[in-house]
Structures are given as structure tokens and as C-alpha cells.
Amino acid sequence: MLGGMTTNAGEPQTRPRRRAPAGAAVLREDVTDAIRAAVFAELASVGYARMSIEGIARRAGVGKTAVYRRWRSKLHLVLDVVSALAVQGLPAPDTGSLEMDLRMLYEVTSRALRHPVASQILPDLQAEAARNPDLAEAVQKALRAGQEGVASSILAAAEARGEVGAGVDHDLALDLISGPLYWRAVVIRTPKLPKGYLSALARGTAEALKAL
């Protein structure tokens, strides 16, 4: 035997096991997921200002080193987690009717915004974003991009059916579609929507989009 390899003639040689380069950290996905979940829980529990790497690590059941291997600061960690929301998106409804598509979108969005974690995190992040341009950009991206793709799909389908005019202003349309629910959930924080609100909102928004 020489260097862990068989050298007798006619016998196959065994390749040595490859080792990770010295000092290289192998980042386990389950640990990363646990840390991200802990960030949401900490934001909901204590808010961004009082949140700490120590608290996140403790809640995730890992050491601080595990957090710092992935993100160099609390800000970068929160920016990464919030930005990830932007790519998750919502399912695009396709009922064959603009009003019904909007109604389904509002049902899903309303449930998401009323979730205890979201209802606590979003207002807190909005307040912090007013003092932190980097966080403001990430929050804006997460809030807007998550629905932008869905709204575009709804509008494209409505255009194809002739329910709205061709070349409708998508930015204005997105404001019309998304604004009311975020106003109630994030700004005035209405705990419960009035009966029939989502149906009336879908009907009114559909008529407004057709008038653009």
C-alpha cells in the first residue's frame, strides 16, 4: 500500500477521497432555513431595532458563527430574507373574468397580510425603512415585485379578452390593484375587513381598470 492506494499489478487502484479545501465552510441548507425562519420570528417578536444576531441564533438553535458565516450583519441578513419574498410570488388566477381574477387575488393577499407574522413585521419594517435606504429598497421590492408578476398576468389576460384597453398603464394598474389592501393592512392596520369588502373592491377595481 502507498498513500492509501493499492499498487499490486492487476489490481484496481482506489482513488483517495476528495476533501474540501482547508478552511472551506460547508453551509447546511437546513441550518440556513432555520436561521431565516428565526429572523421572521424575531422580527415579529421584538422588531428590527431590538433584533440581534444572538437572539436569531438562539431561536434557530445554532451558534452565532453559523449566522456570520452566511451574513456579515443583521442588516444584510434582513435584506436577504426580505428580498427573497419578492421571488416567491403569488399564484396567478385565470378564471376567464377580470373581476373574478381580482377577487381571487384579493382573497389570497388578504389572508397573507392578516397573518400574525406579516401584520407585525410589515409596519415595523416600513418604519425602519424610513431611516435606512438599503432596507427601504428591499422592502419596496418585496412588496411590489411579489404582486407585480401576478398583476401583469391578470392584465394580459384581460387585454386578450378585450376587457381592458391595449397598452394599459401597468404601473397605474398595479397601484389600483394593490393599493387598497396594503393601505388597510400596513397603514391603518384594520384588523377585520367589512363584510363584502373584497367583492366590492374587485368589482370597483375592475371597472376602474376598464376606464384607463
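Caption draft 1: Structural context of the overall build of the chain. A count of helices and strands for the chain gives 9 helices and 0 strands. Shown N-terminal to C-terminal, the secondary structure of the chain runs as helices and strands in the order α-α-α-α-α-α-α-α-α. Across the 212 residues that make up the chain, the buried fraction comes to 36%. Across the chain, every contact between residues at least 6 apart in sequence was considered, and the portion connecting residues at least 24 apart equals 65%. Per element, the accessible surface of the chain, about 12600 Å² overall, is 53% carbon and sulfur.

Caption draft 2: Spatial organisation of the nonpolar core. Counting 27 residues, the largest nonpolar core has Ile35, Val39, Leu77, Val78 and Leu125 as its most contacted members. Those elements giving two or more residues to this core turn out to be helix H1 (29-50), helix H2 (53-60), helix H3 (64-70), helix H4 (74-88), helix H6 (116-129) and helix H7 (133-161). If one sorts the elements of this core by residue count, H1 sits on top with 7 residues. When near neighbours in sequence (up to four residues on either side) are disregarded, Leu77 contacts Ile35, Val39, Ile53, Ile56, Val67 and Trp71. In this structure, Leu102, Leu122, Leu155 and Leu193 belong to the second largest nonpolar core, which totals 26 residues.

Caption draft 3: Examining the packing of helix H5 (residues 98-114) against helix H9 (residues 197-211) more closely. Following both chains from N to C, one finds H5 and H9 inclined at 130 degrees, their axes separated by 8 Å at the closest point. Considering the angle they form, H5 stands oblique to H9. For the crossing formed where H5 meets H9, the hand is right-handed. Side by side, H5 and H9 meet where Leu98, Glu99, Leu102, Arg103, Tyr106, Glu107 and Ser110 of the first sit next to Leu198, Ser199, Leu201, Ala202, Arg203, Thr205, Ala206, Leu209 and Lys210 of the second. In the contact of H5 with H9, the residues fall into 8 nonpolar, 3 polar and 5 charged.

Thresholds applied
Residues numbered from 1 in each chain as written. Predicted model: local features only at pLDDT ≥ 70, side-chain atom pairs only at ≥ 80, totals over all residues. Heavy atoms only, no water. Helix = DSSP H or I, 4+ residues; strand = E, 2+ residues; numbered from the N terminus. Buried < 20%, exposed > 50% of the residue type's maximum accessible area, 1.4 Å probe, protein only. Contact = heavy atoms within 4.5 Å. Areas by Shrake-Rupley, 256 points an atom, 1.4 Å probe, with all protein chains shown as cover. Core = buried A, V, L, I, M, F, W, Y, C linked by side-chain atoms within 4.5 Å. Axes fitted to C-alpha atoms, helices over the stretch in contact; angles between N-to-C directions. Parallel < 35°, antiparallel > 145°, perpendicular 65-115°, else oblique. Left-handed = near helix turned anticlockwise from the far one by under 90°. Nonpolar A, V, L, I, M, F, W, Y, C, P; charged D, E, K, R; others polar.

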